[in-house]
Amino acid sequence: MRPDSRSRRQLVMMLMPYLIGLLVLVLLPAVITLALAFTEYDLLRPPRWAGLANFSELIDDPIFRVALTNSLVFALVAVPLRVLFALGLALLLHRRALGVGSARSAAMLPTAVPEIAYGLLWLWLLNPLYGPINQVLRTGGENGLTMLGRTPPQWLTDPTDARAAIIAMSLFTMGETFVVLLAARRALPRDVYEMAALEDATGWDVFRRVTLPLMAPVLGLLLVRDAVQSLHFTFVPALVVTDGGPPPYATTYLSLFVYRNGFEYLRYGYAAAATLVMILLTVAAVVVQWRLIRRYRAFYRL
Amino acid sequence: MSDPGLLLEGVSAAYGRTPVLRGIDLTVAPGELLVVLGPSGAGKSTVLRVVAGLEPVTAGRVHIAGRDVTTDRPGRRNVSMVFQSYALFPHLSVADNIAFGLEVRDTPRAVARQRARAAAESVGCAALLDRRPGQLSGGERQRVALARALVREPDVFLLDEPLSNLDLALRTEMRTELRALHDRLGATMVHVTHDQTEALVLADRIAVLRDGRIEQVDTPDAIWHRPASAFVARFVGSPAMNLLPASGPFTPSGSAPPGLAAAEELQIGFRPGAVTLRAADDEAGGSAAVVDRVEVVGEDAYAYLTLAGGPPVVARVPADRRPVRGAAVRAEVRWADVHVFHAGSGLRYSPS
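Residues numbered from 1 in each chain as written. Chains lettered and ligands numbered in written order. Predicted model: local features only at pLDDT ≥ 70, side-chain atom pairs only at ≥ 80, totals over all residues. Heavy atoms only, no water.

**Considerations on the interface of chain B and chain A**
The interface of chain B with chain A comprises 25 residues on the first partner and 19 residues on the second. Taking both sides of the interface into account, the surface hidden between chain B and chain A amounts to around 2,100 Å²; carbon and sulfur atoms contribute 60%. Put simply, chain B and chain A have five salt bridges between them. For A:Glu199, the salt bridge identified is with B:Arg152, shortest N-O distance 2.5 Å. Here chain B and chain A share eight residue pairs in polar contact (both at pLDDT 80 or more) between them. Those elements giving two or more residues to the side of chain B that touches chain A turn out to be α1 (44-52), β6 (79-82) and α2 (94-104) of chain B. Counting residues per element, the side of chain B that touches chain A draws most heavily on α2(B), at four residues. The class makeup of the residues in the side of chain B that touches chain A is 12 nonpolar, five polar and eight charged. (Contact = heavy atoms within 4.5 Å. Buried area = accessible area lost by both parts, 1.4 Å probe. Salt bridge = Lys/Arg side-chain N within 4 Å of Asp/Glu carboxyl O. Polar contact = N/O pair within 3.5 Å; in protein donor to acceptor, adjacent residues only side chain to side chain. Helix = DSSP H or I, 4+ residues; strand = E, 2+ residues; numbered from the N terminus. Nonpolar A, V, L, I, M, F, W, Y, C, P; charged D, E, K, R; others polar.)

Take a look at the structure:
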């Protein structure tokens, strides 16, 4: 049915609040930011044209290079882990059983907590001395060592441990991914699984030959989505929990780098240039993954 | 005597608290094609699912080829099933679909391929091996599902309304092929359907199911000619058998069976084809009736009559000699064509 001009006008009017919001709060700032990437701007004096100076400075900036590497490593490790973690929970909790409802809520809960509160909670969890995580790790050990006689992880002061901590924090906020996968699993036809049961397929065979290929398109989409967002996941944890440290900039990610330069060092043009690099990275990740998914779908004609 | 291909002893099953099967006793001989027939909700599919182990029994035992499999998991029962929806794996090629059961049982890939091809050839879908289910028509999917069921040479084949998603012409064709396949394989098959024609055509024996109980198990001939209950009589045959109180107003002609006790509450039943229609002024006899409506089905016509002071009756007449609507006629049925049932229990009346 073609909407007539009246209902079309109605549609436009109802979309207006969203469109205006999108324009004023997202698109306009984005365009301005991109323009600012080519200027020198301290938020006080008017921006001055700087050409590509910001970008050539970025290339030579060792901190930027560390932040870029940190972000890429984080994305490569955390994105697959998050989706795997969510997939595991979804496959565990898709059946109707006693307590499944509460378990699903529990899986969703960390995502619903405000980010800053979530970060502060982890600051306590990760505390090397009285934090519950290390207290558990120290059980059975002596003199503050673990059972195996090793020093427990120094989450906030050791560079590697701190990066691991940030990844751990990001795992538990996979609530949306979990919900999508739960729905996707529950939408799979039951008789296909009964068929597999009649053939005495093992759990591993069912997962490998049935569940995984049938859910692959959804998993692919979620990987793209997570990859896009992974550049943001790190911001609050790095700001609140590790403060970009421990030295040398072990948990300074692109998002924190942009924030520091823009709002602490008042180098808005420089921050905008780094933002532009982030966006380009995101686009590249999306394009690559989108192609992979399209090829997969074409192959299986899903 | 060899073990039956399939034996159910007092099998009951329930969904939650709702009983679905209430004490099913059933024996299927090796190589027999048994059709389970019944209206929807009678528990037909549950019979198959219980045999397959997809539903637990609440009572009774299930034996397959002489083994008690009541507590065995589905994969250990050596049965294969064709689902109404076919349950093909959409991401696998036809060849991989057929070979699935072999491959998860660690059959070498080359062997699995070869047997898949042989199974596909035996049901005429060898040309489809490289396609995916999404590219197949309903009839082709049906064949693939059959090939997948027979590739493993199971003890019992379970077919859950496999023809119900096909159009009529294809259904008729597949019905014939299915019967031929069964005769060629000599396999034990249990076929579930709600289509009485399918049951009559396919079956060695038919089990009529009603509300989780078996109403009658017998050959198609016996089901048709000696239905054990009014329910069976009316469920098999279309239009359904006429069922009237024996006390009148309609009285069959000829001599009533001996010992027909008039005091008992009885019903008489006769098929539309048993009714003879005559002109209203014909002196040869029959009850006066008025034609309500007439349906023509090719060479046959079905006249829906109202008896004087009584219930409706369907009569089958040749289409070229059908009465017109509103015509007054005489309807006659001979006792030889009449089935007698107890009105209360619905069971067949046998004069003692």
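**Digging into unusual backbone geometry**
Following B:Ser238, the chain continues to B:Pro239 via a peptide bond in cis, the omega torsion being -5 degrees. For B:Pro239, the location among the structural elements is in the loop between α8 (230-235) and β11 (242-245). Even without a glycine there, the phi angle at A:Leu266 is positive, about 55 degrees. Relative to the elements of secondary structure, A:Leu266 occurs in the loop between α12 (254-264) and α13 (268-300).

**Comments concerning the pairing of strand β3 (residues 33-37) of chain B**
All names here are of chain B. Of all five residues that make up β3, five are buried, and the element is covered over most of its length. On β3, burial covers both faces: Leu33, Val35 and Leu37 on one face and Leu34 and Val36 on the other are all buried. Note: β3 against strand β8 (residues 188-193), five bridges, orientation parallel. Considered in β8, the bridge of valine 36 is made with valine 192. Bridging between β3 and strand β9 (residues 205-210) involves four bridges; their strand directions are parallel. (Buried < 20%, exposed > 50% of the residue type's maximum accessible area, 1.4 Å probe, protein only. Pairing = 2+ DSSP bridges.)

**So, the sheet that holds strand β4 (residues 59-64) of chain B**
Sheets are built from strands paired through backbone hydrogen bonds, the pairs being either parallel or antiparallel. Residues and elements named next belong to chain B. The strand order β2-β1-β4-β5 describes an open sheet built from four strands, whose pairing is antiparallel. Edge positions in the open sheet fall to β2 (18-28) and β5 (67-68), since each of these has one partner strand only. The sheet contact formed by β4 and β5 spans two bridges and is antiparallel. Bridge pairing in β5 links histidine 63 to aspartate 68. Relative to the sheet, α1 contacts β1 (6-15), β2 and β4, its axis offset from that of β1 by approximately 110 degrees. (Axes fitted to C-alpha atoms, helices over the stretch in contact; angles between N-to-C directions.)

**Digging into the UniProt feature "domain: ABC transporter" (unreviewed entry) in chain B**
What UniProt calls "domain: ABC transporter" (unreviewed entry) maps, in this numbering, to residues 6-236 of chain B. Secondary structure content for residues 6-236 of chain B is 36% helix and 26% strand, and the end C-alpha separation is 25 Å. (UniProt positions renumbered as here; feature names shortened; annotations may be inferred.)

**Topic: the environment of B:Gly124**
All names here are of chain B. Along the chain, glycine 124 falls in the loop between α3 (109-122) and α4 (138-150). Given the relative accessible area of 53%, glycine 124 is considered exposed. Put simply, glycine 124 and glutamate 140 are 16 residues apart on the chain and 9.1 Å apart in space, counted from C-alpha to C-alpha.

**Side note on the pattern of salt bridges**
For the structure shown, the criterion picks out 32 salt bridges over all chains. Its salt-bridge partner being B:Glu161, residue B:Lys44 comes within 3.9 Å of it at the nearest N-O pair. With B:Lys44 in helix α1 and B:Glu161 in the loop between β7 (156-160) and α5 (168-185), this pair connects stretches of sequence that are 117 residues apart. For the pair shown, B:Lys44 and B:Glu161 are each scored as buried. In this structure, the salt-bridge partner of B:Arg67 is B:Asp155, at a minimum N-O distance of 3.2 Å. Here the residue B:Arg67 occupies a position in strand β5, and B:Asp155 occupies one in the loop between α4 and β7, the gap between them amounting to 88 residues. Owing to a relative accessible area of 29%, B:Asp155 belongs among the partly exposed residues under this scheme. Ionic contacts of the salt-bridge type, sharing partners, join the residues A:Asp205, A:Arg208, A:Arg209, B:Asp96, B:Glu103, B:Arg109 and B:Arg113 into one network.

**Overview of the sheet that holds β11(B)**
Residue and element names in this part refer to chain B. In spatial order, the strands read β11-β12-β18; together these three strands make up an open sheet with antiparallel pairing. The two strands at the open ends of the sheet, each matched to only one other strand, are β11 and β18 (339-342). The mean inter-strand angle of the sheet, taken between neighbouring strand axes irrespective of direction, is 30 degrees. Bridge analysis of β11 against strand β12 (residues 266-270) gives four bridges, and the strand direction is antiparallel.

**Quick look at the packing of aromatic side chains**
Aromatic rings considered in pairs are described by the distance between their centres and by the relative angle of their planes. Residue and element names in this part refer to chain A. Here the structure, examined in full by the defined rule, presents 15 aromatic pairs over all chains. Here the aromatic rings of phenylalanine 38 and phenylalanine 55 are separated by 5.4 Å at their centres, their planes lie at 45 degrees, and the arrangement is tilted. Here the residue phenylalanine 38 occupies a position in the loop between α1 (5-36) and β1 (39-40), and phenylalanine 55 occupies one in helix α2 (residues 53-60), the gap between them amounting to 17 residues. For phenylalanine 55, a relative accessible area of 17% puts it in the buried group. Relative to phenylalanine 263, the ring of tyrosine 259 has its centre 5.8 Å away and its plane inclined at 45 degrees; by these criteria the two rings are tilted. (Phe/Tyr/Trp six-rings, centres within 6.5 Å; stacked < 30°, edge-to-face > 60°.)

**Here we look at α2(A)**
Residue and element names in this part refer to chain A. Of all the positions in α2, only Asn54, Phe55 and Leu58 are classed as buried. Summarising the axial view, the buried residues of α2 lie within an arc of 95 degrees, below the 170-degree limit, and thus occupy one face. Looking at α2, the residues exposed on the side facing more than 90 degrees away from the buried face are Ile59 and Asp60. (Arc of directions from axis to C-beta.)

**Quick notes on the packing of helix α4 (residues 100-112) of chain A against helix α8 (residues 175-186) of chain A**
Residue and element names in this part refer to chain A. At a closest axis distance of 8 Å, the pairing of α4 and α8 adopts a crossing angle of 145 degrees. On α8, the residues that touch Arg104, Ala107, Met108 and Thr111 of α4 are Gly175, Glu176, Phe178, Val179, Leu182 and Arg186. Classifying every residue of the contact of α4 with α8 by side-chain character gives five nonpolar, two polar and three charged.

**Section: the nonpolar core**
Ranked by size, the top nonpolar core spans 59 residues in total, and within it A:Phe178, B:Leu6, B:Leu8, B:Leu158 and B:Val190 carry the most contacts. Within the second largest apolar cluster, 45 residues are counted, among which are B:Leu37, B:Tyr86, B:Ala119 and B:Ala145. (Core = buried A, V, L, I, M, F, W, Y, C linked by side-chain atoms within 4.5 Å.)

**Notes on a nonpolar patch on the surface**
Together, A:Val12, A:Leu15, A:Met16, A:Tyr18, A:Leu19, A:Ile20, A:Leu23, A:Val24, A:Leu25, A:Val26 and A:Leu27 give the surface a local cluster of nonpolar side chains, amounting to about 1,000 Å² of exposed area. Take A:Leu19: its relative accessible area is 38%, and that puts it in the partly exposed class. (Patch = residues over 30% accessible without salt bridge, like charges linked within 9 Å, V, L, I, M, F, W, Y side chains within 5 Å. Areas by Shrake-Rupley, 256 points an atom, 1.4 Å probe, with all protein chains shown as cover.)

**Some points on the side chain of B:Glu332**
All names here are of chain B. Assignment of secondary structure puts glutamate 332 in strand β17 (residues 328-332). Relative accessible area serves as the criterion here: at 13%, glutamate 332 is assigned to the buried category. A polar contact is formed between the side chain of glutamate 332 and the side chain of serine 253, at a distance of 2.7 Å. Contact partners of glutamate 332, with chain neighbours within four places excluded, come to Phe250, Ser253, Ala274, Val275, Thr276, Arg278 and Gly286.

**Quick look at the packing of helix α3 (residues 62-93) of chain A against helix α7 (residues 159-171) of chain A**
Residues and elements named next belong to chain A. Running from amino to carboxyl end, α3 crosses α7 at an angle of 35 degrees, the nearest separation of the two axes being 9 Å. As α3 packs across α7, the resulting crossing turns out to be right-handed. Residues Asn70, Phe74, Val77, Ala78, Leu81, Arg82 and Phe85 of α3 touch α7, and the partners they reach there are Arg163, Ile166, Ile167, Ser170 and Leu171. (Left-handed = near helix turned anticlockwise from the far one by under 90°.)

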